[in-house]
Amino acid sequence: MAKVTNILLAGVGGQGILLASEVLAEVLMLAGYDVKKNDVHGMSQRGGSVTSHVRFGEKVYSPIIPEGEADILFGFEVLETYRYLPFLRAGGKVVVNDLEIMPPSVATGLERYPSGITEKITAQVDETKIVQGLTLAVSAGNARTVNTVLLGAISNMLDIELDLWLRALEKMVPTKFLAENLKAFELGRAS
Amino acid sequence: MDKVILSGNEAVARGAYEAGVKVAVAYPGTPSTEILENTINYPSIDSSWAPNEKVALEVGIGACLGGARSLVTMKHVGLNVAADPLFTLSYTGVRAGLVLVVADDPELHSSQNEQDSRHYARAAKMPMFEPADSQEALDFTRLAYAASEQFDTPVFVRTTTRIAHSKSIVEQGVAVTGLPEASLERNPAKFVMLPGNARQRHHVVEDELKKMADWACDQPFNRIEERSSEVGVITAGVSYQYAREVLPEASVLKLGLVFPLAKQLIRDFAARFKTLYVIEELEPFIEDQVRALGIEVIGKDCLPICGELTPGRVASAISGLQPTATYQHDIALPNRPPNMCPGCPHRGVFYNLKRLKAFVTGDIGCYTLGFMPPLSAMDSCICMGASVGNASGLNKVLNADEKQKVVGVIGDSTFLHTGINGLMDMVYNGSTATLVILDNSITAMTGRQENPGSGFTLAGEKAKTVDLELLCRSIGVEHVRTVNPWDLEQTRQVLQEEMERKAPSVVITRGPCILIKRDVGQRKTPLEIDPDKCTGCKACLKIGCPAIEWQPDAGERGKAVVNQLLCVGCGICDQLCKFDAYKVVGGSVDSEVKNG
């Protein structure tokens, strides 16, 4: 069977993971691949741990990534990236947004946010890219474009023409937010 | 036609449009909700939210009686509510195609059980198609209408979370034309299910099912993929995709129609293999029927019944080996469960119920999260509407002291769904329990859908609004009081008085969901905490607001800070602070903020 590439997005409900995976799936379809993506709605949207699976290749069967076979772990938050690290295949890559969001037990003082997680990831995974998502989003003109910054960063890891990314963004981002999102994408891609 | 990428739910909606559906009805329920949110985009379909699934199905049957194709959708537990009309609808059959889409939730991503709705197909004698991706979700929905009319029966399309919410590439078709116009046509022998008529119809149902099982043996939706001559797999739905990942060399009989089964096709396929697997999620539904044909298979003796299947779970079930991940954790990680949103009107109500030591019979909605710490104020949650009857039942058996502690808690949409009947019982049979109706004017948990109490329709048009106070009074509740849930003291006082009252009472906590887009005005200036005034007493942490973060290393014993990206300024935290540490960013907390 031809190789299928697997991208696992992980983060916290409300971070725009759904939109990022929609854009990703659209780009991959425009590039001529068979694509499947899956995310779970409902309960998990209330600030809970959220994942989205994106798979592409000549022919994709399962909509969810087989355990331990993610080629790229695309993390929107540090702890959530580490939580899903066991999904990564040996030799896989990590893109991680340098942002910590407190889970309820930490925010209410019952537990501490584990320290040194980014270091734990970089120590295990050779190809780890840390992105200053919020800083770049603010420079793009809107703190809510972090997901687009991250898409820019991951675009370097996929062999897809820039033009297709821009077409997908133009199609999926509302016109009034398009300019700042294109800027955010550019900053992420250059990071 | 261009290729598009659609979710299973979007594809079902597209299939209904292409099949010429005139009426689509549903009550929202994850993972089925987005079907109606997409049919509404096709002007040829009259799409609407019903107050519950039983009504939805009955409206669909009405359209069918008029000779128009109709679509009714629901989640698996909604089918339990719609079961009454369902079991008789299969006897009457249809005048025009009627398709019921039921979305199961293996793994309980957002549900209270993981029932396998395929059993309903068998129990209600109703055919069921099961798509394995979005293309099939579209194609099978179209096909289901043709089959419904060909075999004079309502037809199920069953999805699961991984089909409903997965996106894959779809080739769309064009809508059928030339369907007959809707009109009145009397046919009482078929549609009036008095015993004499129903007895006759039962024979028809059994005959049609037999015909359909034979027909299904040479239809393209039940297909054989020839590969290995040693290993065969019988599978359906998303399990097919996992089978292809895990056993790429095996020959496969992929069933598109999971009831009635194409028995002869299965016999012929099975006879050719030494090793035959049935790979299916949840119950051994296909497996038991295959075994009943005298065929030996490997199925639930190794595959799990509980939880959803994944490629990894199927692989380890078949190989008997546990996979080992390359990368592991060397520390325990804090969990990140879902939480009520910052500014949620329910938060203060649960804080008060906990303080009042109420025994809370809960219900289905965002407020079920009142179970989570630190609120920890829910003692039961069974199904839609159960909070009311549960409270009445407790009231029947407890002593006078404990009786007072019982409070049913239900949302506005759930109350209108199936809570109102319980309230009639409470009044009629003299229960003294207290019912809290959390009226946030929307069906929030499933993503903010309109309901008969919200004032708008699915199309976004203004609608009549149910007056909850009047409704409760008309049932006979004499004590109905409405409070502002963002005012902690008012809420506490009213709850306490009504809990102590030796008569049935209703407390309506009225505050719109903070996420309702048309009410953006509720979002106020965020608050901040004066670090010099914060003593680190942790009083404000007791409400579990995601916008309040504990900094353990600040000051001598830690301090709270407000995450201003999340805070919407509801002011509940400020009411808990004894040290006046909270203020509006750039000002002080005024009464307007306090009162939401």
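Residues numbered from 1 in each chain as written. Chains lettered and ligands numbered in written order. Predicted model: local features only at pLDDT ≥ 70, side-chain atom pairs only at ≥ 80, totals over all residues.

(A) Region of the structure containing the overall build of chain B. If you tally the helices and strands in chain B, you get 22 helices and 22 strands. Here chain B has a C-alpha radius of gyration of 27 Å; the compact-globule value for 596 residues is 25 Å, and the two agree. Oriented by its inertia axes, the alpha-carbon framework of chain B measures out at about 80 × 65 × 55 Å. Here chain B holds 596 residues, and 54% of them are scored as buried. Within chain B, contacts between residues separated by at least 24 positions form 74% of all contacts whose residues are at least 6 apart in sequence. (Helix = DSSP H or I, 4+ residues; strand = E, 2+ residues; numbered from the N terminus. Rg over C-alpha atoms; globule rule 2.2 N^0.38 Å. Buried ≥ 20, exposed ≤ 12 C-beta atoms within 10 Å, placed from the backbone. Contact = placed C-beta atoms within 7 Å.)

(B) A look at the overall build of chain A. If you tally the helices and strands in chain A, you get eight helices and six strands. Counted from the first residue to the last, chain A has its helices and strands arranged as β-α-β-β-β-α-β-α-α-β-α-α-α-α. Expected size for 191 residues packed as a compact globule is a radius of gyration near 16 Å; at 16 Å, chain A falls within 12% of this value. By residue count, 55% of the 191 residues in chain A fall in the buried class. Counted over contacts in chain A with a minimum sequence separation of 6, partners at least 24 positions apart contribute 66%.

(C) Region of the structure containing the sheet that holds strand β14 (residues 359-361) of chain B. Residues and elements named next belong to chain B. Taking strand neighbours across the sheet as the criterion, the five strands line up as β14-β15-β16-β18-β17 in an open arrangement whose pairing is parallel. The open sheet has two edge strands, β14 and β17 (479-483), and neither has a second partner. For this sheet, the mean angle separating the axes of adjacent strands, direction not counted, is 25 degrees. Relative to strand β16 (residues 434-439), strand β15 (residues 406-411) is paired through five bridges, and the arrangement is parallel. Looking across to β16, one finds that Val 409 is bridged to Val 436. Contacts from helix α19 (residues 468-475) reach β16, β17 and β18 (505-510), with the element oriented near 165 degrees to β17. Packing against the sheet, helix α20 (residues 488-500) makes contact with β15, β16, β17 and β18, and its axis sits at approximately 165 degrees to β17. (Pairing = 2+ DSSP bridges. Axes fitted to C-alpha atoms, helices over the stretch in contact; angles between N-to-C directions.)

(D) Expanded view of the sheet that holds strand β11 (residues 251-255) of chain B. Residue and element names in this part refer to chain B. Ordered in space as β9-β11-β10-β13, the four strands form an open sheet in which the pairing is mixed. Sheet topology places β9 (223-225) and β13 (275-279) at the edges, where each strand pairs with a single neighbour. Each neighbouring strand pair of the sheet contributes to a mean axis angle of 15 degrees, computed without reference to strand direction. In this structure, strand β10 (residues 231-236) lies alongside β13, joined through five bridges in parallel fashion.

(E) Local environment of the packing of helix α3 (residues 53-65) of chain B against helix α5 (residues 83-92) of chain B. All names here are of chain B. At a minimum axis separation of 8 Å, α3 and α5 run at an interaxial angle of 30 degrees. With respect to each other, α3 and α5 are oriented roughly parallel. Every residue of α5 that contacts α3 at Lys 54, Leu 57, Glu 58 and Ile 61 is listed here: Asp 84, Pro 85, Leu 86 and Leu 89. Tallied by class, residues from the contact of α3 with α5 come to five nonpolar, no polar and three charged. (Parallel < 35°, antiparallel > 145°, perpendicular 65-115°, else oblique. Nonpolar A, V, L, I, M, F, W, Y, C, P; charged D, E, K, R; others polar.)

(F) Structural context of the pairing of β15 of chain B. Residues and elements named next belong to chain B. By the criterion of burial, β15 is predominantly enclosed, with six of the six residues buried. Side chains Val 406, Gly 408 and Ile 410 project from β15 onto one buried face, and the interleaved Val 407, Val 409 and Gly 411 project onto a second face that is buried too. Pairing of β14 with β15 involves three bridges; the strand directions are parallel. The residue bridging Thr 361 from the neighbouring strand is Gly 408, located in β15. You can see the chain leave β15, run along helix α18 (residues 412-428) and come back into β16, and the turn it takes is right-handed. (Right-handed = clockwise from strand over helix to strand, strands pointing away.)

(G) Highlighting the interface of chain A and chain B. With 48 residues of chain A in contact, the opposing surface of chain B contributes 46 residues. For the side of chain A that touches chain B, the elements supplying multiple residues, two or more each, are α1 (17-30), β2 (34-39), α2 (78-83), β5 (88-97) and α3 (104-107) of chain A. At six residues, the largest contribution of residues to the side of chain A that touches chain B is made by β2 of chain A. Of the residues contributing to the side of chain A that touches chain B, the split by class is 23 nonpolar, 14 polar and 11 charged.

(H) Seen up close, the environment of Ala 56 of chain B. All names here are of chain B. Relative to the elements of secondary structure, Ala 56 occurs in helix α3. We classify Ala 56 as buried; it has 28 C-beta atoms within 10 Å. In the structure, Ala 56 is positioned 239 residues away from Ile 295 in sequence and 40 Å away in space, judged by C-alpha atoms. Non-local contacts of Ala 56, meaning those with residues more than four positions away in its chain, are made with Val 25, Ala 26, Tyr 27, Ala 50, Val 72, Met 74 and Ala 82.

(I) Structural detail: the packing of helix α7 (residues 162-172) of chain A against helix α8 (residues 175-190) of chain A. All names here are of chain A. Between α7 and α8, the least distance of the axes is 10 Å, while the angle of their chain directions is 150 degrees. Our classification of the angle between α7 and α8 gives roughly antiparallel. When you trace α7 past α8, the crossing you get is right-handed. Every residue of α8 that contacts α7 at Trp 165, Leu 166, Leu 169 and Glu 170 is listed here: Leu 178, Asn 181, Leu 182 and Phe 185. Grouping the amino acids of the contact of α7 with α8 by side-chain chemistry returns six nonpolar, one polar and one charged. (Left-handed = near helix turned anticlockwise from the far one by under 90°.)

(J) How the structure looks around the environment of Glu 528 of chain B. Secondary-structure assignment places Glu 528 of chain B in strand β19 (residues 527-529). Once residues lying within four places of it in the same chain are set aside, the contact partners of Glu 528 of chain B are Val 562, Gln 564, Lys 583 and Val 585 of chain B.

(K) A look at α5 of chain B. Residue and element names in this part refer to chain B. Every buried residue of α5 is listed here: Pro 85, Leu 86, Leu 89, Ser 90, Tyr 91 and Thr 92. Buried residues along α5 sit against α3, α6 (118-124), α9 (188-191) and α10 (195-215). Following α5 by one or two positions, Gly 93 adopts a phi angle in the positive range, close to 70 degrees.

(L) Summary view of unusual backbone geometry. Residue and element names in this part refer to chain B. Between Thr 30 and Pro 31 the backbone carries a cis peptide bond, its omega angle lying at 10 degrees. With omega at -5 degrees, the peptide bond leading from Phe 259 into Pro 260 counts as cis. With respect to the helices and strands, the residue Pro 260 is situated in the loop between β12 (257-259) and α12 (263-270). Here Ser 376, not a glycine, exhibits a phi torsion of approximately 45 degrees, which is positive. Of note in this structure, Ser 441 is not a glycine but carries a positive phi near 60 degrees. Inspection of the secondary structure puts Ser 441 in the loop between β16 and α19.

(M) Just the confidence of the model for chain B, in detail. Per-residue pLDDT for chain B averages 96, and the proportion of residues at 70 or more is 98%. With pTM at 0.96, the complex prediction returns an ipTM value of 0.95. (pLDDT = per-residue confidence, 0-100.)

(N) Summary view of the environment of Pro 284 of chain B. All names here are of chain B. Mapped onto the elements of the fold, Pro 284 is located in the loop between β13 and α13 (285-292). Given 18 C-beta atoms within 10 Å, Pro 284 falls into the partly exposed group. Once residues within four sequence positions are removed from consideration, Pro 284 is found in contact with Gly 299 and Lys 300.

(O) Spotlight on the pairing of β18 of chain B. All names here are of chain B. Burial analysis of β18 places five of its six residues in the buried class, which makes it a mostly covered element. As paired elements, β16 and β18 share six bridges and run parallel to each other. Counted as the bridge partner of Leu 435 is Val 506 from β18. With five bridges joining them, β17 and β18 adopt parallel strand pairing. Residue pairing for β18: His 479 is matched across the bridge by Ser 505. Crossover β17 to β18 through α20 is right-handed.

(P) Examining the nonpolar core more closely. Formed by 234 residues in total, the largest nonpolar core has its most connected members in Leu 8, Leu 73, Val 149 and Leu 150 of chain A together with Ala 26 and Leu 435 of chain B. Residue contributions to this core peak at eight residues, all from α1 of chain A. (Core = buried A, V, L, I, M, F, W, Y, C linked by C-beta atoms within 7 Å.)

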